[in-house]
Amino acid sequence: MGGRLNLITGAFSYSGKYVAQKLLERGEQVRTLTGHSDRPNPLGKAVEVFPFRFDSMPELTKAFAGVEIFYNTYYVRVAYGKVGYELAYENNKKLISAAKDAGVRRIVNISITGPSPDSPFPYFRHKWLIDRAVIESGMSYAIIRPTVIFGKEDILINNIAWILRRFPVFAVPGKGDYKIQPVFVEDQAELMIEAAGLSENLIWDAAGPEIFTFMELVKLIRSKIKSPCLAILPAPADLVFLAGKIMNPLLGDVVLTRDEIYGLMANLLYSKEPARCKTRLSDWLEQNREWVGKDYASELKRHYQ
Ligand SMILES: NC(=O)c1ccc[n+]([C@@H]2O[C@H](COP(=O)([O-])OP(=O)(O)OC[C@H]3O[C@@H](n4cnc5c(N)ncnc54)[C@H](OP(=O)(O)O)[C@@H]3O)[C@@H](O)[C@H]2O)c1
């Protein structure tokens, strides 16, 4: 097989899988770094697999040999067990340094909308630190900042639908008047590949064409999936967080993080740039209404089993 060699973290996980698929369709070569090298490989032998070796810089650097573009998705949604945002940041610095030492030409780094060094939210603060490490690496870079990603393997929007299918009441944190602008996972993958093909350093938000208030979003999902939920009610944010905590042991998961609730309420999950991605969540929900939220999507099952 010929074509440019790309390394993607998490090619068997969520967003990285779509980047890998699209690059393979274009005839490019794909290598992945993953914490689940033993998992069935949905992309077949076309993807070369290396395990994350954060304990050994020489081993980590070997994984980047011959790589031209590094698509970095590595981060943790939930600080759990030994892996928190601080360690995820340290590991990102190792990935960036290994890529640089191996001679990678360009890095496409997935960040998030609204990262800031002063953010009160550790998730967003450490994202800013990772972006800075990318910028200071000396490699050519594209930083892509998605809002909230939806698609087949999505967790957050799927689990809103899951709750709406099962409970008579849905509690929205605060008034539900803050904004959210979801982006389709395949659009984001296309945007990342487009950004990889350019030569200038850039920072782009990745956001879809629809901006909702959170209340509107929950009502849209309820109507699309024909949920029997009777009421969507504003509730104190701390109470919603507590309800999530009560559900955690029942579901064996971390349903919601504090940063997700308060980051959303701080209007961090929408973009102030013109939308770069075209797929409308409302259309996608219409097309996928039969299955969205039928099963609960577990973050911990995905990453710790
Ligand atoms: N999903 C969203 O709505 C959203 C919104 C904004 C920004 N982002 C950012 O977009 C990037 C990709 O997100 P995604 O949802 O597509 O992530 P993902 O595919 O679930 O994971 C991306 C990579 O991080 C690794 N990883 C994730 N959680 C981990 C954990 N707890 N312990 C060890 N490794 C872990 C995965 O390891 P494996 O290869 O072993 O699976 C994979 O290589 C992330 O940087 C995320 O912060 C996501």
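These numbers come from a predicted model, not from an experiment. (Residues numbered from 1 in each chain as written. Predicted model: local features only at pLDDT ≥ 70, side-chain atom pairs only at ≥ 80, totals over all residues.)

### Regarding the packing of helix H1 (residues 15-25) against helix H6 (residues 185-196)
- Two elements in contact, H1 and H6, have axes whose closest approach is 9 Å; the angle formed by their N-to-C orientations is 60 degrees. For the element pair H1 / H6, the angle class is oblique. For H1 against H6, the interelement crossing comes out right-handed. Where H1 approaches H6, its residues Ser 15, Tyr 18, Val 19, Lys 22 and Leu 23 are matched on the opposing element by Val 185, Glu 186, Gln 188, Ala 189, Glu 190, Met 192 and Ile 193. (Axes fitted to C-alpha atoms, helices over the stretch in contact; angles between N-to-C directions. Helix = DSSP H or I, 4+ residues; strand = E, 2+ residues; numbered from the N terminus. Parallel < 35°, antiparallel > 145°, perpendicular 65-115°, else oblique. Left-handed = near helix turned anticlockwise from the far one by under 90°. Contact = placed C-beta atoms within 7 Å.)

### Overview of the nonpolar core
- By size, the foremost hydrophobic cluster in this structure holds 78 residues, and its most contacted members are Phe 70, Val 108, Ile 144 and Met 192.
- Viewed by domain, this core spans two of them, domain 1 (5-150 + 182-206) and domain 2 (156-180 + 211-270 + 278-304), each represented by three or more residues.
- Among all residues touching Ile 144, those that are not within four sequence positions of it are Val 108, Asn 109, Ile 110, Ser 111, Leu 191, Met 192, Ala 195, Trp 204 and Ala 206. (Core = buried A, V, L, I, M, F, W, Y, C linked by C-beta atoms within 7 Å. Buried ≥ 20, exposed ≤ 12 C-beta atoms within 10 Å, placed from the backbone. Domains from an automatic or database assignment.)

### Details of the environment of Asn 158
- Of note, Asn 158 is situated in helix H5 (residues 156-166).
- Taking the C-beta count within 10 Å as the criterion, Asn 158 has 21 such neighbours and is therefore assigned buried.
- Considering only alpha carbons, one finds Asn 158 and Trp 291, 133 residues apart in sequence, at a separation of 9.2 Å.
- Not counting chain neighbours up to four residues away, the residues in contact with Asn 158 comprise Val 292, Gly 293 and Ala 297.

### Let's talk about the site of the ligand
- In the vicinity of the ligand, 21 residues are found, and the nearest of them are Gly 10, Ser 13, Tyr 14, Ser 15 and Gly 35.
- Here the shell around the ligand is composed, by residue class, of 11 nonpolar, 10 polar and no charged. (Near = placed C-beta within 6 Å. Nonpolar A, V, L, I, M, F, W, Y, C, P; charged D, E, K, R; others polar.)

### Notes on the environment of Asn 109
- Along the polypeptide, Asn 109 turns up in strand E5 (residues 106-110).
- With residues up to four places along the chain from it excluded, the contact list for Asn 109 reads Asn 72, Ile 130, Asp 131, Val 134, Tyr 141, Ile 143 and Ile 144.

### Observations concerning helix H8 (residues 237-251)
- A rise of 1.5 Å per residue sets the reference length of H8, with its 15 residues, at 21 Å; its end C-alpha atoms lie 21 Å apart and thus fit the reference within 8%.
- At the exit of H8 stands Gly 252, carrying a positive phi of roughly 65 degrees. (Expected span 1.5 Å × (residues − 1).)

### Here's the deal with the domain arrangement of the protein chain
- Each assigned domain of the protein chain is listed with its residue range as follows: domain 1 (5-150 + 182-206) and domain 2 (156-180 + 211-270 + 278-304).
- For domain 1 versus domain 2, the distance between C-alpha centres works out to 26 Å.
- Domain 1 puts 15 residues into the contact, and the matching count from domain 2 is 17 residues.
- A breakdown of the residues in the side of domain 1 that touches domain 2 according to their chemical character gives 10 nonpolar, 3 polar and 2 charged.

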